[in-house]
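Tertiary structure, described
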Amino acid sequence: MSTTAAKTTAAETTVQAVLTDFDVKTGLSTTKPPLQRRLSAMADMYADQAAAAAQVAEDDVLVYEFFDMGVPSTSGDVAYGTSITYPGKVGDEYYMTKGHFHEVLDTAEIYYCLSGHGYMLMENPEGDWQAAEFTPGQAVYVPRRYAHRSINVSATEPLVTFFAFPGHAGHDYGTIETKGFRKLCVERDGKPEFIDNPRWQA
């Protein structure tokens, strides 16, 4: 029996902890800069292109922002942050995030609603789609293989969520930018309703 054992040094086994702050009501951080998406960067994703162009011309509003807390993008780490989607509509379609698949498709994500009211819209490449409601204190588990998009259905309050996913998962925005989601979330008689997206590309 060999008595030789692999040795590790403190430098190899020590990882610096990451300390971050965020407000549990607003999702905002005082130490991390946000990544922001204004309507001009989102206009092509809305069904009513004329309404989107008119709104951008009038006021290029901030649709959503999120905070990446700076965890390494490796398989042994957990990336996390907060996302804030602001209230508003383009035509009758609620404000939303761009949405994305993970580059490593077989990785999941968890979202926890801190405040606001909205939905997580999800779909996989095989054609299944799901929508889960966000209310404060509710967690939504996004299964592996599902693209996901947050939608704010409140007329007055931001939708604020905390999220976490495997550090190596990556983000594939391009597929959604090209194809869109199969479903849209629109207001019908004062309530949110999911309908087929006429601009979805198979």
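In what follows, the structure referred to is the one given above.
Just so you know, these numbers come straight off a predicted model, no measurement behind them.

Okay, the sheet that holds strand 1 (residues 35-38) next. If you trace the six strands from one edge of the open sheet to the other, you get 1-2-3-11-6-9, paired in antiparallel fashion. If you trace the sheet from one side to the other, it starts and ends with strand 1 and strand 9 (139-142), each paired once. Across the sheet, the mean angle from the axis of one strand to that of its neighbour is 20°, orientation sign disregarded. Strand direction decides the pairing type here: strand 1 and strand 2 (residues 62-68), joined by four bridges, are antiparallel. Pairing of R38 across the sheet is with L62, part of strand 2.

Looking now at the environment of D189. Counting through the fold element by element, D189 comes out in the loop between strand 12 (183-188) and strand 13 (191-196). Separated by 49 residues in sequence, D189 and V140 have C-alpha atoms that sit 26 Å apart.

Right, let's talk about the nonpolar core for a bit. Counting 23 residues, the largest nonpolar core has Y46, V90 and I151 as its most contacted members. Looking at this core, the elements that each hand over two or more residues are helix 2 (39-42), helix 3 (49-58), strand 2, strand 7 (118-123) and strand 10 (147-152). Among all residues touching I151, those that are not within four sequence positions of it are Y94, Y95, M96, H117, G118, Y119, L121, L159, C185 and F194. Among the nonpolar cores identified, the runner-up in size contains 13 residues, and Y111, M122, V140 and L159 belong to it.

The next thing to look at is the pairing of strand 7. Counting buried positions along strand 7 yields six of six residues, so the element is predominantly enclosed. Of the two faces of strand 7, both are covered, the one formed by G118, M120 and M122 as well as the one formed by Y119, L121 and E123. By the bridge criterion, six bridges tie strand 7 to strand 10 in an arrangement that is antiparallel. Bridge assignment links G118 to a residue of strand 10, and that residue is N152.

The strand order across the open sheet formed by three strands is 8-7-10, and the pairing between neighbours is antiparallel. Across the chains shown, the open sheet's two edge strands, defined by having one partner strand only, are strand 8 (129-134) and strand 10. Strand-to-strand, the axes of this sheet are offset by a mean angle of 20°, without reference to chain direction.

A separate point is the side chain of N124. Secondary-structure assignment places N124 in the loop between strand 7 and strand 8. The class of N124 is buried, set by a relative accessible area of 8%. Of note is the side chain of N124, whose polar atom sits 2.9 Å from the backbone nitrogen of D128. Side-chain polar atoms of N124 contact the side chain of Y146, separated by 3.2 Å. The contact partners of N124, leaving out residues within four places of it in the chain, are F101, R145, Y146 and R182.

Okay, the pattern of salt bridges next. Counted by the stated rule, this structure contains nine salt bridges. Close ionic contact of E126 with R145 constitutes a salt bridge, the shortest N to O distance being 2.6 Å. Linking E126 in the loop between strand 7 and strand 8 with R145 in the loop between strand 9 and strand 10, this pair joins segments that are 19 residues apart in sequence. The exposure class assigned to R145 is partly exposed, which follows from its relative accessible area of 25%. Taken together, the shared-partner salt bridges connect D106, E126, R144 and R145 into one network.

All right, on to the packing of aromatic side chains then. Counted by the stated rule, this structure contains eight aromatic pairs. Aromatic side chains Y64 and F66 sit 6.2 Å apart centroid to centroid with 20° between the ring planes, which places their arrangement in the stacked category. Accessibility assignment for this pair places Y64 and F66 in one class, buried. An aromatic cluster of three or more residues is present, and its members are Y111, F134, F163 and F165. A cation sits over an aromatic face here: K98 above Y173, 5.5 Å from the ring centre.

The rules we used
By convention here, each chain's residues receive numbers from 1 onward along its written sequence. With the structure being a predicted model, the display of local features is reserved for residues of pLDDT at least 70 and the display and counting of side-chain atom pairs for 80 or more, all residues being used for whole-chain, interface and lining totals. Side-chain metrics rest on all non-hydrogen atoms present in the structure, leaving aside hydrogens and water. One bridge is not enough; two strands pair if DSSP finds at least two bridges between them. Helical segments are the DSSP runs of H or I of at least four residues, strand segments are the runs of E of at least two, and each set is numbered from the N terminus. In this description, a line fitted to the C-alpha atoms serves as the axis of each element, helices being fitted only across the stretch in contact, and the angle between N-to-C directions of two axes falls anywhere from 0 to 180 degrees. Put simply, buried Ala, Val, Leu, Ile, Met, Phe, Trp, Tyr and Cys residues joined by side-chain atoms within 4.5 Å make one nonpolar core. Using a 1.4 Å probe on the protein chains alone, a residue whose accessible area is under 20% of its type maximum counts as buried, one over 50% counts as exposed, and one in between counts as partly exposed. A contact between two residues is defined here by any heavy atoms of the two lying within 4.5 Å. Think of a polar contact as two N or O atoms within 3.5 Å of one another; within protein, one of them needs to be a possible hydrogen donor and the other a possible acceptor, and neighboring residues in sequence only count if both atoms come from side chains. In what follows, salt bridge is the name for a side-chain nitrogen of Lys or Arg lying within 4 Å of a carboxyl oxygen of Asp or Glu. Centres within 6.5 Å make a pair out of two Phe, Tyr or Trp rings, where for Trp the six-membered ring is used; the pair is then stacked when the planes are under 30 degrees apart, edge-to-face when over 60, and tilted otherwise. Distance and angle both matter: a charge sits over a ring if NZ of Lys or CZ of Arg is within 6 Å of the ring centre and within 35 degrees of the ring normal.

The quantities given are spatial measurements derived from coordinates; they are silent on function.
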